[in-house]
Amino acid sequence: MEPPRNDTSKDPGRRRPWVVGISGASGTPYAASVLRGLLAAGEAVDLIVSRASRLTLLDETGIAFRDAHWRADLREWLARGADGKPSTFPVTEADLARVRFWPAGDLAAGPSSGSYPVKGMLIVPASTACVAGVALGLSKDLLQRVASVTLKERRRLVVAVRETPLNGPTLKHLVTLDEAGAVVLPASPAFYAGATHIQDLVDFVAGRVLDAAEVPHRLYRRWEGELRGGSVEGEAPDAP
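Values in this document were obtained by computation on a predicted structure and should not be read as measured data. (Residues numbered from 1 in each chain as written. Predicted model: local features only at pLDDT ≥ 70, side-chain atom pairs only at ≥ 80, totals over all residues. Heavy atoms only, no water.)

*Asks:* Before we move on, can you summarise the overall build of the protein with the specific residues and values?
*Replies:* A tally of regular secondary structure across the protein gives eight helices and six strands. Ordered by position from N to C terminus, the α and β elements of the protein give β-α-β-α-α-α-β-β-α-α-β-α-β-α. A burial count over the protein gives 49% of its 240 residues as buried. (Helix = DSSP H or I, 4+ residues; strand = E, 2+ residues; numbered from the N terminus. Buried < 20%, exposed > 50% of the residue type's maximum accessible area, 1.4 Å probe, protein only.)

Set out below in structure tokens:
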């Protein structure tokens with residue numbers, strides 16, 4: 001990862017992290033890519049991993065995320081590629097030093113209060129149960145509580161919903177979140193950027209999440225107004 005550009009870890013009074021909430025929906029590689037993107041941009045992160053998401057993470061990666069060993073488990077997770085290969089990405093101690101972990105059951109955690117300084121919150125992936133809980137203001141765990149605080153404080157909330165198809169109640173909940181000021185961002189990868197690997201598709205969605213948060217990154221090739229601008233270099237265009 002690139003050296004941090006705005007690291008405030010040496011001055012806790014100036015620390016303003018992004019809260020990253022991970023719910024139980026399938027798509028933990030999206031979360032890993034978002035976390036790597038935030039850390040590469042020098043951002044501080046407050047991490048909340050729901051109970052349900054730990055089962056998904058175990059199923060999708062084989063990694064058991066444990067409160068008592070979260071730093072080692074996070075390092076292993078962030079180093080893993082979307083194809084499951086370990087040690088794909090470098091993860092440094094400086095990266096991990098900018099992450100603060102809060103257990104999902106700790107409703108007295110810092111981010112549960114509006115007076116705790118944060119830039120906003122990214123929920124990735126967001127399950128339909130999480131969407132419903134946030135839309136209805138249930139605050140049944142720390143993830144939902146922080147999302148509610150984010151909305152009431154008029155901070156940026158990005159909800160990367162990962163489900164298909166969507167039923168009527170979920171669509172209504174998403175409209176409620178949109179009306180409350182959240183950015184509803186379906187985990188829908190695009191193909192114009194010239195994806196050749198599963199990691200490219202994952203990084204596209206993660207990049208769009210970071211775009212919504214106005215965090216700079218280089219996770220995908222942007223559209224520049226030219227057809228086939230994302231094609232693999234050297235690939236011949238289609239015949240007329």
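*Asks:* I'd love a proper account of helix α8 (residues 198-212), names of residues and values included.
*Replies:* In a regular helix each residue adds 1.5 Å, so 15 residues correspond to 21 Å; α8 covers 22 Å between its end C-alpha atoms and thus fits that length. Most of α8 is tucked away: eleven of the 15 residues are buried. For α8, the set of buried residues is Gln199, Val202, Asp203, Phe204, Val205, Ala206, Gly207, Val209, Leu210, Asp211 and Ala212. Buried residues belonging to α8 abut α1 (28-40), β4 (120-126), β5 (156-161) and β6 (183-184). Where α8 ends, the next residue or the one after it, Glu214, has phi of about 60°, a positive value. (Expected span 1.5 Å × (residues − 1). Contact = heavy atoms within 4.5 Å.)

*Asks:* Now, about the pairing of β4: what can you tell me, with residues and values included?
*Replies:* Across the seven residues of β4, seven count as buried, placing the element largely inside the fold. Both strand β1 (residues 18-22) and β4 contribute to a ladder of four bridges, which runs parallel. Pairing of Val19 across the sheet is with Met121, part of β4. Across five bridges, β4 lies against β5 in parallel orientation. If you follow Gly120 over to β5, its bridge partner there is Arg156. (Pairing = 2+ DSSP bridges.)

*Asks:* An account of the packing of helix α5 (residues 128-136) against helix α7 (residues 168-179) is requested, with residue identities and associated values reported.
*Replies:* Relative to each other, α5 and α7 sit at 50°, their axes nearing to 9 Å. Viewed along their axes, α5 and α7 adopt a mutual orientation that is oblique. Crossing of α5 against α7: the hand is left-handed. Contact residues: Thr128, Val131, Ala132, Val134, Ala135 and Leu136 in α5; Thr170, His173, Leu174, Thr176 and Leu177 in α7. Of the residues assigned to the contact of α5 with α7, the class counts are seven nonpolar, four polar and no charged. (Axes fitted to C-alpha atoms, helices over the stretch in contact; angles between N-to-C directions. Parallel < 35°, antiparallel > 145°, perpendicular 65-115°, else oblique. Left-handed = near helix turned anticlockwise from the far one by under 90°. Nonpolar A, V, L, I, M, F, W, Y, C, P; charged D, E, K, R; others polar.)

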